[in-house]
Amino acid sequence: MRPDTPAEHIAEAERLIRTATRYPEDQEPLLLQAAAHLELGDARERASTLYDQLLADAPANPHLIKALQAANLWEYGHEAEARALISGIRAAAPTDPAPWEVIAEALEAHDELEASHECFTEAATLLTSEDTPLTRATAALLTGRHRVRRLLGLPHDEWDMVADTRHSGPIPLDELHDPKRIWALGSDDPAELRAEIARLRAELGDRRAALSRPFPVAILHWPQRELSELVASYPTLAAEYPSHAAHLAATEASLRALAASGTTNLGIVTGSVPSYEAFAASEKTSPASPSLLAEYATTLAARGKATPWPPTPTTPCWCTSGKPYAECHGDASGAFGG
Ligand SMILES: [Zn+2]
Ligand SMILES: [Zn+2]
């Protein structure tokens, strides 16, 4: 069950904080995700305390945590502290795209478009070059920069063209990022303009929601031997898993459906019977309960155990068949191998 109401987000945050005490080695990703849920549950002060706690503990990603903290602080009225953190991050010039995107979007969210544009441009200058292929994260910087430049009414430059070319959504980037499109077309219908602005806002909202959850949505995969043992030990789970081949096909199909519905940052987590049983024990639930499977997947993902999906066409398929993804579960015809 994915948390939806503020109370559910807070309950999920508390569950993740408890989990963090059991897996100290995975504490940072677990607490970061807990903080994201606290933010979504509108418990911003508690999120702030958690970010401070993480920062005090020599984290692996101090700039990302500071960036998230800045965005969070600014959201509940601590603008001066937020600005100080943002200046510090810009001065430190981290080589990870994520903190740049978070601070540039925080500035954008508070209508500091010039400063947001400067941040995106500094990051793109620092992290992209002619000989470095764009990653999902560096391409996202160019997309954000494209959006802010349209809001500023600036002309396209070379990076904007790259952003346009890379964009693969159903609506072209220029259309998505142009709130004045209807005026340009000569419309004088305020309802059309409002609809266009609503569409732009929705796109921004989606991006921010994705950023506040910088963690993969992960689907659970069981290797063949583990699945046999699982179903033999807990026959109530057989309804979920009629066969191993069906399980693999369903895993790929779920991920494709999520991708088609616009979910980014997808991943696969691999289950094992002993770790699943230990998880059930820690949650004081029976492993035979089918509803535990999704929580197990979420917790593995929160512990940083997810492998990004999809693999590239030529890398070995996630199902461990040894075949390239494109010739296995990535077969475009949908005729799953394995
Ligand atoms: Zn464009
Ligand atoms: Zn496969």
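Nothing here was measured: the structure is a model prediction, and the numbers come from that model.

Q: Any details on the sheet that holds strand S1 (residues 217-221)? Residues and values, ideally.
A: With mixed pairing, 3 strands are arranged side by side in an open sheet as S1-S2-S3. For this open sheet the edge positions go to S1 and strand S3 (307-309), each flanked by a neighbour on one side alone. Within the sheet, the average angular offset between the axes of one strand and its neighbour, ignoring direction, is 40°. Pairing analysis gives 5 bridges linking S1 to strand S2 (residues 266-270), with the strands arranged parallel. Considered in S2, the bridge of Ile 219 is made with Ile 268. On the sheet, helix H14 (residues 244-260) packs against S1, S2 and S3 and is oriented at approximately 170° with respect to S1. Of the strands in this sheet, S1 and S2 touch helix H16 (residues 292-302), which is tilted by about 120° from S1.

Q: Can you break down the coordination of the zinc ion (ligand 1) residue by residue, with the values?
A: Summarising the metal site, the zinc ion (ligand 1) is bound by the protein donors His 146 (NE2), His 156 (NE2), Asp 164 (OD), Asp 164 (OD) and Asp 174 (OD), whose distances to it range over 1.9 to 2.4 Å. Each donor residue of the zinc ion (ligand 1) lies on one chain, and together they are spaced H-x9-H-x7-D-x9-D. Of the two residues, His 146 is situated in helix H8 (residues 136-152) and His 156 in the loop between H8 and helix H9 (158-166); the sequence distance between them amounts to 10 residues. A residue is classified by how much of its surface remains accessible, and His 146, at 0% relative accessible area, is buried. Residue His 156 is classed as partly exposed on the basis of its relative accessible area of 33%.

Q: Pulling in residues and values, what's your account of the coordination of the zinc ion (ligand 2)?
A: Within the protein, Cys 317 (SG), Cys 319 (SG), Cys 328 (SG) and His 329 (ND1) serve as the donor atoms for the zinc ion (ligand 2), at 2.0 to 2.3 Å. What the 4 donor atoms of the zinc ion (ligand 2) show is an angle range of 106 to 113° at the metal, which sorts the shape as tetrahedral. Of note, the zinc ion (ligand 2) draws all its donor residues from one chain, in the sequence arrangement C-x1-C-x8-C-H. Overall, Cys 317 belongs to the buried group, its relative accessible area being 4%.

Rules used in this analysis
- Residues numbered from 1 in each chain as written.
- Chains lettered and ligands numbered in written order.
- Predicted model: local features only at pLDDT ≥ 70, side-chain atom pairs only at ≥ 80, totals over all residues.
- Heavy atoms only, no water.
- Pairing = 2+ DSSP bridges.
- Helix = DSSP H or I, 4+ residues; strand = E, 2+ residues; numbered from the N terminus.
- Axes fitted to C-alpha atoms, helices over the stretch in contact; angles between N-to-C directions.
- Contact = heavy atoms within 4.5 Å.
- Donors = N, O, S within 2.8 Å, 3.2 Å for Na, K, Ca; no water.
- Buried < 20%, exposed > 50% of the residue type's maximum accessible area, 1.4 Å probe, protein only.
- Tetrahedral: all angles 85-135°; square planar, octahedral: opposite > 155°, others 65-115°.

Geometry only, nothing functional implied.
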